[in-house]
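Residue-level listing of the chains:
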Amino acid sequence: MAGGLVALLDDVAVLARAAAASIDDIGAGAAKAGAKAAGVVVDDAAVTPQYVRSLAAERELPIIKRIALGSLRNKFFIILPAMLLLSQFVPWLLTPILMLGGAYLCYEGAEKVWAKIAHHDAHGAGEEKVQDETTLVSGAVRTDLILSAEIMVISLNEVINEAFWSRLAILAVVAVVITVMVYGVVALIVKMDDAGLRLSQRSGAVATFGRGLVRAMPVVLTVLTVVGTAAMLWVGGHILLLGTNELNLHFLYEAVHHVGVAAHDSTGALGGLVGWLVNTVASAILGLIVGALVVLVMTLTLHRRKSKPAAATAAATTRTDGTIPAQPSRAAQRRDDPADRAPRG
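Residues numbered from 1 in each chain as written. Predicted model: local features only at pLDDT ≥ 70, side-chain atom pairs only at ≥ 80, totals over all residues. Heavy atoms only, no water.

Q: Could you give an account of the pattern of salt bridges, naming the residues involved and the relevant values?
A: In total, this model carries 1 salt bridge according to the counting rule given. K191 is the salt-bridge partner of E60, the closest N and O atoms lying 3.3 Å from each other. Residue E60 is found in helix 3 (residues 57-89), and its partner K191 is found in helix 6 (residues 164-200); the two are separated by 131 residues along the sequence. (Salt bridge = Lys/Arg side-chain N within 4 Å of Asp/Glu carboxyl O. Helix = DSSP H or I, 4+ residues; strand = E, 2+ residues; numbered from the N terminus.)

Okay, structure coming up:
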């Protein structure tokens, strides 16, 4: 009986070691997958604070919580099942889908660059509109659906060779960790100025630190926007670079690879960093070019069609010489009134 107990304990130890190894593999896979999605994560963290900047301070955190829960629903009930089914039955579709996501990232990044150059706000975000909380949360969750889909596809592409259940566990960990990280950072950003204001009401170094927090908020948001834009161009361009190589269009990838190797070999101890920078800059340039082309196509097609109804409405109330027709005077209106033209007895 003692021998059977020892054998049972030995089996339990083996299972525990296997479970620990499996958890380590899941953790390593999640870290690898999440790292490649960093560009989209930064952009998500930069975009979300815009949804709560016009709200009362006491409603900011509840709204962020609702958006975070909507993000988790997006990931677990829509994106994760779709990605797992695709990877299990039609894995060849993942590269084109990933490249579409990369092109969208390039478009978003290039549009932000163009908005900065042209001094107007992308997507009309500069227009302050008061919305009810349900509408606001719905819009934020729809935007999150696109960003979360990109994160999950990028993550899936890094663990595509894992077994089905390992993929499921890794993507579930990525979904939870990234959601908590993004919206935790968003909550900190949104409440930073409130914390600064409270600290500034105290005395001494604490008050100075609080005033510094308040002054730092615009800088933090600007840096987040710049880093998010650069990351979108880099990640989107890198996805397209790898995707074209996987689709047997090798010339772009090989050109960048050769330049990176040459830079690595010619810079000695800094070769690793310089090679990475060359690849990153080349990917960002490719992303900017592709994004600019998409912005041009969208401007000439979709945006132009949207502007036609407004132009038609303006033309209906404006003469060909550019002047607005004058309204008839009250006297003229009375003369044209049938009651005034009726014979008086």
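Q: Explain helix 7 (residues 205-246) to me, using residue names and the numbers behind them.
A: Compared with the 62 Å implied by 1.5 Å per residue over 42 residues, the 57 Å span of helix 7 between its first and last C-alpha is a close match. At A216, helix 7 is bent by approximately 40 degrees, the largest bend along its length, and proline P218 sits one to four residues beyond. Phi for N248, located one or two positions after helix 7, is positive at around 70 degrees. (Expected span 1.5 Å × (residues − 1). Bend = angle between axes of the 7 residues up to and from the residue.)

Q: Give me unusual backbone geometry: which residues, what numbers.
A: With a phi close to 70 degrees, N248 is a non-glycine residue in the positive phi region. Mapped onto the fold, N248 is located in the loop between helix 7 and helix 8 (251-266). Judged by its relative accessible area of 57%, N248 is exposed. (Buried < 20%, exposed > 50% of the residue type's maximum accessible area, 1.4 Å probe, protein only.)

Q: How would you explain the packing of aromatic side chains if you had to name every residue and give the values?
A: Summed over all chains, the structure comprises 3 aromatic pairs. Relative to W165, the ring of F164 lies with its centre 5.1 Å away and its plane at 85 degrees, an arrangement referred to as edge-to-face. Residues W234 and W276 carry aromatic rings whose centres are separated by 6.0 Å and whose planes lie at 75 degrees to one another, so their mutual orientation is edge-to-face. Linking W234 in helix 7 with W276 in helix 9 (residues 271-300), this pair joins segments that are 42 residues apart in sequence. (Phe/Tyr/Trp six-rings, centres within 6.5 Å; stacked < 30°, edge-to-face > 60°.)

Q: Tell me what's going on with the nonpolar core, and back it up with residues and numbers.
A: Judged by nonpolar contacts, the single largest core of 18 residues is most densely connected at I64, I67 and Y183. Among the elements of the structure, helix 3, helix 5 (133-158) and helix 6 are those that each provide at least two residues to this core. For this core, the leading source of residues is helix 6, giving 8 residues. Sequence-distant contacts of I67, that is, excluding residues within four places in its chain, are made with V137, A140, V141 and Y183. Judged by nonpolar contacts, the second largest core, of 17 residues, contains L80, V153, I154 and A175. (Core = buried A, V, L, I, M, F, W, Y, C linked by side-chain atoms within 4.5 Å. Contact = heavy atoms within 4.5 Å.)

Q: Could you give an account of the packing of helix 3 against helix 6, with specific residues and numbers?
A: Each pair of packed helices gets described by two things: the angle between the helix axes and the distance between those axes. The contact between helix 3 and helix 6 brings their axes to 10 Å, and the two run at 160 degrees. Considered as vectors, helix 3 and helix 6 are oriented roughly antiparallel to each other. In the packing of helix 3 onto helix 6, the handedness of the crossing is right-handed. Of the residues contributing to the contact of helix 3 with helix 6, the split by class is 19 nonpolar, 4 polar and 5 charged. (Axes fitted to C-alpha atoms, helices over the stretch in contact; angles between N-to-C directions. Parallel < 35°, antiparallel > 145°, perpendicular 65-115°, else oblique. Left-handed = near helix turned anticlockwise from the far one by under 90°. Nonpolar A, V, L, I, M, F, W, Y, C, P; charged D, E, K, R; others polar.)

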